[in-house]
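What follows is the residue order along each chain.
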Amino acid sequence: MSSREAMYARKAERERRARLEAERVIDSKSLQIYEMNNHLMKVNESLDRRIRERTRELEQAHAQVLSAAAELAEANQRFELVLKASRASVWEVSPDGALVYSSPNIEQVLGFRPEDMVAQGSYLGLIHPDDRRRLRRTVIAALDTCQPFEVECRIRRIDGEYRWFRVSGYGDRNAEGKLQRMVGAMIDVDAQVHHAEVIQRMATVDYLTDIPNRCSFNKQLQRAIEDARKFGEPFVLMLIDLDNFKEVNDTLGHGAGDVVLKEVARRLTDNLKGYDYAARLGGDEFGVILRNVTDRRHVIAICNQLLYMLRKPVACNGSSVEVYASIGITEYDLSTEDAESMLMQADMAMYAAKRRHLREGGCEFYDESFGSDMLRRRHLEQAMKKGIADNEFCLHYQPQSCLATGELIGVEALLRWNNPLQGLMLPSAFIGAAEENGLIIPLGEWVIRKVCEDILHWRQQGLNVRVAVNLSPVQFNHGDIADYLRQQVIRHNIDPGLIELEITESVLVSNIDWTKSVLEILNENGFRISLDDFGSGYSSLTYLHQLPIDMIKIDRSFVEDLMNDEQSRIITRSIINLANSLGLEVLAEGVESWQQLNYLLQEGCHYAQGYLIARPMQSHQLADWITEHRSEYLARRKSGTQTLSLA
Amino acid sequence: MKGVIFTEFLDYIESQYGIPVSDQIITTSGIPEDRVYIASGTYPFGELQQLIGCTHAATGMPVPELLSNFGCHMFAALIRRFPSLADGWEDVYSLLLDVDRKIHVEVGKLFPEAELPLIKADAVDDDTIRLEYRSPRRLADFAEGMLRGCFQHFGEDFALSRRELDSQTGQHAEFILTRRSRGAS
């Protein structure tokens, strides 16, 4: 090989080796690239996985955000609806008191646009001046205690009108306890506040008379007791009850009754001093608290003044009504337990006044004896209720005879009570209590029914007996007695002329117009009327002339003293003459001796009733007595004797 | 040192002096016979110095001139091999200002083992650049040749002055480049 060829051979060899080296490098690099590629693929996969995870996380976060956004939108919508439904306006105030937010509905509530409200900066200017201090105090107290607050205050609308709002709020504090803001709501409670005022008024003021009611009175009484205990301020409690109010209602109607009650309330308040207190406790009952009075004479003077003022005629429904009142008085002293016991004392005193000053008005101080008396009356009332239910009452009948002929003209029904503990009790032991507690009404109706039944029974035996029935003033003035009597005679098919109704003079004096109208109705319906116990009471001749009375019954007190008291004889004679002059029948009660009877016959008295003729008897005994009495009467007539026979 | 310097140097010798001279330099350089250079390889700098020394001996070309000419050749070769290297620069001025902060950064990414010189370029004014070269291999001549190759590539005329900043010639030098005319591009 030449040197030239050797050179090229070396060059070729160098290039071949360079190529091989390059290929080796390429292979090496390829392997590196391959491994790098694998690594990158793994990295890529890892990245993909991470991307997928992150994507999923992002999707979840996105979904959560969407959900939260939806919930927020829902919450916002709910909030708006709640605002609409509750009519509440929402507000926010900065720590320095500036109004920074007001919900849009404030415009409907106050008339101001929310932005104008915020622009005003402070809401205090809209608060009623009288309410600002209370609002501020409430807010400060709530902030101090980290509690929510609620207060009612008046806020001015754009038209200047103040309306009541219930404002509630809460101070929002950060983790360090620093006040960040105050948020809250306000709602228009104007109507509720006014309703509450009306309700409050209704709860404390009597709707009819516009004076305090029982509830207020009880509170005032309690306060008076506390003042008396703390400061030694004496006071007097008075309960006032109108005696004839029911008659006003019954005769002139409830409208007239209302007029009377209003006038009574007005007169009471007009005649009391500023620090005294009057209230209507219900019905026709009023209460009065007199402050700083210790002298009973002073109290009595005030009572008399009140009674005088109340008695002045009240004009209603074209009529004139005089109001009689009974006043029960009790004084505070250290032994007074409480308001209730004072009221009970005054109540007892009032009933004592009623009893003592029957239907003419008067006052009575409480006495400790009233307590036992009241207890006795309560027991009596319970026993009477039981007696009515158990049919313990019965009627005895006392015959009435003609003085001239000895003929039986009728009988008087006399009520008796077969009390299981006390035996047979006479009316004087229980009628007064029955009149007070109202049991006289069912008892009186029972008497009428029983009389009707006995008349019917006697008729079946062939006897036609007229029965005199006593009517209590309470019974007479209660409801429609004429109507009840008419119903009973119709029901039993009885001649009303067989029933004679005995009324006392006290019935006449209470309300003559009413009495006259009732008596005329009774008379028109055929009932007989007699005036019982004549001479013992008022004995007004005017009544005798005006009323449809059939018979006068001379009170037994005059007959009793007839033989040894000239005065009684004069009175008895005068009554007999009066009756004869007026064309009325006259009967003497309590005739027990021949001297009495002969004197009465001599003076022109028509009839007599008493032990001399017959003692009261049971209904089944009457038939036998009549038979015996008639045969003796016929024998006397046949022998020409004109004097009355004895049973 | 990167193999591309070796392969381009041998190509340059062969193109300038022919295969026999090239073969003579390789065979007399004392470099192991089995040594082959590929562009992507990395070889001891001493072997380049041996090749340069043998070239001087074979051709009588002074080393500074040889390195400068080879630098001029190398710039064109690099542009040929890596055309994108010069993309993005419109003239010498802009390219030189980016050598250190952009081009060398990219070269470092491509060849992490490359030991690059420090090239610091500052614009003195619109037409003057001050360029500072620093390398323990003392190839300031080669750098000067690269600058000339750059002028040729952009077709621009620069006046080039050089000042040694170190007693070791070629290790730390300052170049002042003053543009005399702009290129057509």
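Residues numbered from 1 in each chain as written. Chains lettered and ligands numbered in written order. Predicted model: local features only at pLDDT ≥ 70, side-chain atom pairs only at ≥ 80, totals over all residues. Heavy atoms only, no water.

### Focus on the interface of chain B and chain A
Listed as interface residues are 13 residues of chain B and, on the opposing side, ten residues of chain A. On the chain B side of the interface with chain A, the three residues burying the most area are Asp23(B), Val36(B) and Ile38(B), jointly 47% of the side's total. Where chain B touches chain A, the interface holds three salt bridges. For Arg14(A), the salt bridge goes to Asp23(B), with nearest N and O atoms at 3.0 Å. Here chain B is connected to chain A by five residue pairs in polar contact (both at pLDDT 80 or more). By residue class, the composition of the side of chain B that touches chain A is six nonpolar, two polar and five charged. (Contact = heavy atoms within 4.5 Å. Buried area = accessible area lost by both parts, 1.4 Å probe. Salt bridge = Lys/Arg side-chain N within 4 Å of Asp/Glu carboxyl O. Polar contact = N/O pair within 3.5 Å; in protein donor to acceptor, adjacent residues only side chain to side chain. Nonpolar A, V, L, I, M, F, W, Y, C, P; charged D, E, K, R; others polar.)

### Structural notes on helix 11 (residues 368-389) of chain A
Residues and elements named next belong to chain A. The end-to-end C-alpha distance of helix 11, which contains 22 residues, comes to 33 Å, matching closely the 32 Å that a straight helix rising 1.5 Å per residue would cover. Those residues of helix 11 lying buried are Phe370, Asp373, Met374, Arg377, Leu380, Met384 and Gly387. The arc that holds the buried residues of helix 11, viewed along the axis, is 140 degrees, so those residues lie on one side. Seen from the buried face of helix 11, the exposed residues on the opposite side, beyond 90 degrees, are Glu368, Gln382 and Ala389. Buried residues belonging to helix 11 abut helix 10 (339-356), strand 12 (362-365), strand 13 (393-402), strand 14 (408-419), helix 12 (431-437) and helix 13 (440-460). Asn391 sits one or two residues past helix 11 and shows a positive phi near 60 degrees. (Helix = DSSP H or I, 4+ residues; strand = E, 2+ residues; numbered from the N terminus. Expected span 1.5 Å × (residues − 1). Buried < 20%, exposed > 50% of the residue type's maximum accessible area, 1.4 Å probe, protein only. Arc of directions from axis to C-beta.)

### Topic: the packing of aromatic side chains
All names here are of chain A. Inspection of every chain in the model, using the stated rule, returns 13 aromatic pairs over all chains. Centroid distance Phe393 to Trp417: 5.0 Å. Interplanar angle 20 degrees. Geometry classified as stacked. Of this pair, Phe393 sits in strand 13 while Trp417 sits in strand 14, placing them 24 residues apart in sequence. For the residue pair Phe393 and Trp417, the accessibility class agrees, reading buried in each case. Relative to Phe430, the ring of Trp417 has its centre 5.5 Å away and its plane inclined at 85 degrees; by these criteria the two rings are edge-to-face. Pair noted here: Trp417 is in strand 14 and Phe430 is in the loop between strand 15 (423-425) and helix 12, with a separation of 13 residues, a long-range link. There is no split in this pair, since Trp417 and Phe430 are both buried. (Phe/Tyr/Trp six-rings, centres within 6.5 Å; stacked < 30°, edge-to-face > 60°.)

### Notes on the sheet that holds strand 4 (residues 172-181) of chain B
Each strand in a sheet pairs with another by means of backbone hydrogen bonds, the pair being arranged parallel or else antiparallel. Residues and elements named next belong to chain B. Strand order in this open sheet of four strands is 1-2-4-3, and the pairing throughout is antiparallel. Since the sheet does not close on itself, it has two edges, and those belong to strand 1 (118-125) and strand 3 (157-164), each with one partner. Adjacent strand axes in the sheet meet at a mean angle of 20 degrees, parallel and antiparallel pairs treated alike. Contacts from helix 4 (residues 92-110) reach strand 1, strand 2 (128-134), strand 3 and strand 4, with the element oriented near 145 degrees to strand 1. On top of the sheet, helix 5 (residues 140-154) reaches strand 2, strand 3 and strand 4; it is set at about 170 degrees to strand 3, its chief contact. (Pairing = 2+ DSSP bridges. Axes fitted to C-alpha atoms, helices over the stretch in contact; angles between N-to-C directions.)

### A word on the pairing of strand 18 (residues 528-534) of chain A
Residue and element names in this part refer to chain A. Taking burial as the measure, the seven residues of strand 18 include six buried ones, the bulk of the element. In the sheet, strand 17 (residues 499-504) pairs with strand 18 via five bridges, with the strands oriented parallel. Looking at strand 18, one finds that Thr504 is bridged to Asp532. Bridge count between strand 18 and strand 19 (residues 551-554): three bridges; the pairing is parallel. The residue of strand 19 that forms the bridge with Ser530 is Met551.

### Some points on the nonpolar core
Counting residues in hydrophobic clusters, the biggest one holds 81 residues, and the most contacted among them are Val467(A) and Leu522(A). In terms of residue count, helix 13 of chain A provides more of this core than any other element does, ten residues in total. Not counting residues up to four positions away in its chain, the partners in contact with Val467(A) are Tyr397(A), Val411(A), Ala413(A), Val451(A), Ile455(A), Trp458(A), Leu498(A), Ile499(A) and Glu500(A). Counting 56 residues, the second largest nonpolar core, distinct from the first, contains Phe6(B), Ile13(B), Phe75(B) and Ala140(B). (Core = buried A, V, L, I, M, F, W, Y, C linked by side-chain atoms within 4.5 Å.)

### With respect to the sheet that holds strand 5 (residues 179-188) of chain A
Residues and elements named next belong to chain A. Spatially, the five strands line up as an open sheet ordered 2-1-5-4-3, and their pairing is antiparallel. Edge strands, defined here as strands with exactly one partner in the open sheet, are strand 2 (99-102) and strand 3 (149-156). Strand-to-strand, the axes of this sheet are offset by a mean angle of 30 degrees, without reference to chain direction. Relative to strand 5, strand 1 (residues 89-93) runs antiparallel, the two being bridged by five bridges. Looking at the pairing, Glu92 lines up with Val183 of strand 5. Sheet strands touched by helix 4 (residues 129-145): strand 3, strand 4 (162-173) and strand 5. Its angle to strand 3, the strand with the most contacts, is close to 155 degrees.

### Looking at unusual backbone geometry
Residue and element names in this part refer to chain A. At Asn391, a residue that is not glycine, the phi angle is positive and equals roughly 60 degrees. Along the chain, Asn391 falls in the loop between helix 11 and strand 13. Residue classification places Asn391 among the exposed positions, given a relative accessible area of 55%. Residues other than glycine seldom take positive phi values, yet Asp533 does so here, at roughly 50 degrees. Mapped onto the elements of the fold, Asp533 is located in strand 18. With relative accessibility at 26%, the residue Asp533 sits in the partly exposed group.

### Here's the deal with helix 6 (residues 214-231) of chain A
Each α-helix turn comprises 3.6 residues. Residues three or four places apart therefore point the same way. Residue and element names in this part refer to chain A. Over its 18 residues, helix 6 runs 25 Å from end to end, which matches the ideal 26 Å to within 8%, given 1.5 Å per residue. Residues of helix 6 that are buried sit in contact with helix 5 (190-204), strand 6 (235-242), strand 7 (277-282), strand 8 (285-291) and helix 10. Where helix 6 begins, the side chain of Asn213 points an oxygen toward the backbone nitrogen of Cys215, at a separation of 3.2 Å. With its phi angle positive at about 70 degrees, Gly232 sits one or two positions after the end of helix 6.

### Quick look at the side chain of Ser102(A)
Residues and elements named next belong to chain A. The topology assignment puts Ser102 in strand 2. The class of Ser102 is buried, set by a relative accessible area of 5%. Beyond its immediate chain neighbours, meaning those up to four positions away, Ser102 contacts Val90, Trp91, Pro114, Met117 and Val118.

### Regarding the side chain of Thr204(A)
All names here are of chain A. The residue Thr204 is located in helix 5 in this model. We classify Thr204 as buried; its relative accessible area is 17%. A polar contact of 2.8 Å, which involves the side chain of Thr204, links it to the backbone oxygen of Gln200. For Thr204, the residues in contact, after removing those within four places along its chain, are Pro212, Asn213 and Ser216.

### Overview of the pattern of salt bridges
Evaluation of the coordinates by the stated rule reveals 67 salt bridges over all chains. In this structure, Glu92(A) engages Arg181(A) in a salt bridge whose closest nitrogen and oxygen atoms are separated by 3.5 Å. Placement of the pair is Glu92(A) in strand 1 and Arg181(A) in strand 5, with a sequence separation of 89 residues. With its nearest N and O atoms 3.0 Å apart, the salt bridge here joins Glu144(B) to Arg162(B). In this pair, Glu144(B) sits in helix 5 while Arg162(B) sits in strand 3, placing the two residues 18 residues apart along the sequence. When salt bridges that share partners are traced, they join Arg157(A), Asp159(A), Glu161(A), Arg163(A), Asp188(A) and Asp190(A) into one network.

Nothing here speaks to function; it is geometry throughout.
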